[in-house]
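# Chain and residue survey
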Amino acid sequence: KELPNYFDFFLPLAGSEIYNAKNDDEADRNASYKMADLYDLLIEENPQIYNSKASIHHLNIFLSRLLFCFFAEDTEIFEENIFTNTLAQHTAENGKDTHTFLDNLFERLNAKKGDKYPGYLAKFPFVNGGLFSDKINAPIFTQKARKTLIDLGELQWKDINPDIFGSMIQA
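Residues numbered from 1 in each chain as written. Predicted model: local features only at pLDDT ≥ 70, side-chain atom pairs only at ≥ 80, totals over all residues. Heavy atoms only, no water.

## Things to note about the pattern of salt bridges
By the definition in use, this model includes two salt bridges. Notably, a salt bridge pairs glutamate 107 with lysine 116, separated by 3.7 Å at the nearest N-O pair. The exposure class assigned to glutamate 107 is partly exposed, which follows from its relative accessible area of 36%. According to the relative accessible area criterion, lysine 116 is exposed, its value standing at 62%. Between aspartate 151 and lysine 147 there is a salt bridge, and its shortest N-O distance comes to 3.1 Å. (Salt bridge = Lys/Arg side-chain N within 4 Å of Asp/Glu carboxyl O. Buried < 20%, exposed > 50% of the residue type's maximum accessible area, 1.4 Å probe, protein only.)

Structural data, given as structure tokens:
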């Protein structure tokens, strides 16, 4: 009678592995909460843009790009802290030009050569793959959204389980 409650015990016999996700990791929770805050801020500040299923899909791709950049600067794909530091140094504190910076950076990450970009963008590497291939405009940022973005960059992303973000973005 109880067997259905314990079906996962038999998964290895069927050739499947058991995956136990930890939900109690503080780093994962902090990153999730901050990403959710950023998502809410961007929706709130850009209601004219994010009002359809297609536009929300673009926001999810945009957030995936940000996640890649956070992981890349903490896992030696990029130079350490290059994304967060360059963002902080080359955008206005009030956030008014953050979207332009991100649009230019994402275009650069999709370009094999960086010689047509300013030096602070040229030092970023080409990212092979499709994540940056489509042109998706970054949303408008406020001072609070920019600060949240920088706070996210200060987290230790190499300690964060990336699986949680796939679920979060799908939700």
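## Here we look at the side chain of histidine 99
Here histidine 99 is to be found in helix H4 (residues 98-109). Among the polar contacts listed, one links the side chain of histidine 99 to the side chain of threonine 100, at a separation of 3.4 Å. Setting aside residues no more than four positions away along its own chain, histidine 99 makes contact with Ala138, Pro139, Ile140 and Phe141. (Helix = DSSP H or I, 4+ residues; strand = E, 2+ residues; numbered from the N terminus. Polar contact = N/O pair within 3.5 Å; in protein donor to acceptor, adjacent residues only side chain to side chain. Contact = heavy atoms within 4.5 Å.)

## Regarding unusual backbone geometry
Its identity is not glycine, yet glutamate 76 carries a phi of approximately 70 degrees, on the positive side. Relative to the helices and strands, glutamate 76 is located in the loop between helix H2 (53-74) and helix H3 (82-89). Unlike most non-glycine residues, asparagine 81 shows phi in positive territory, near 60 degrees. In this structure, asparagine 81 sits in the loop between H2 and H3.

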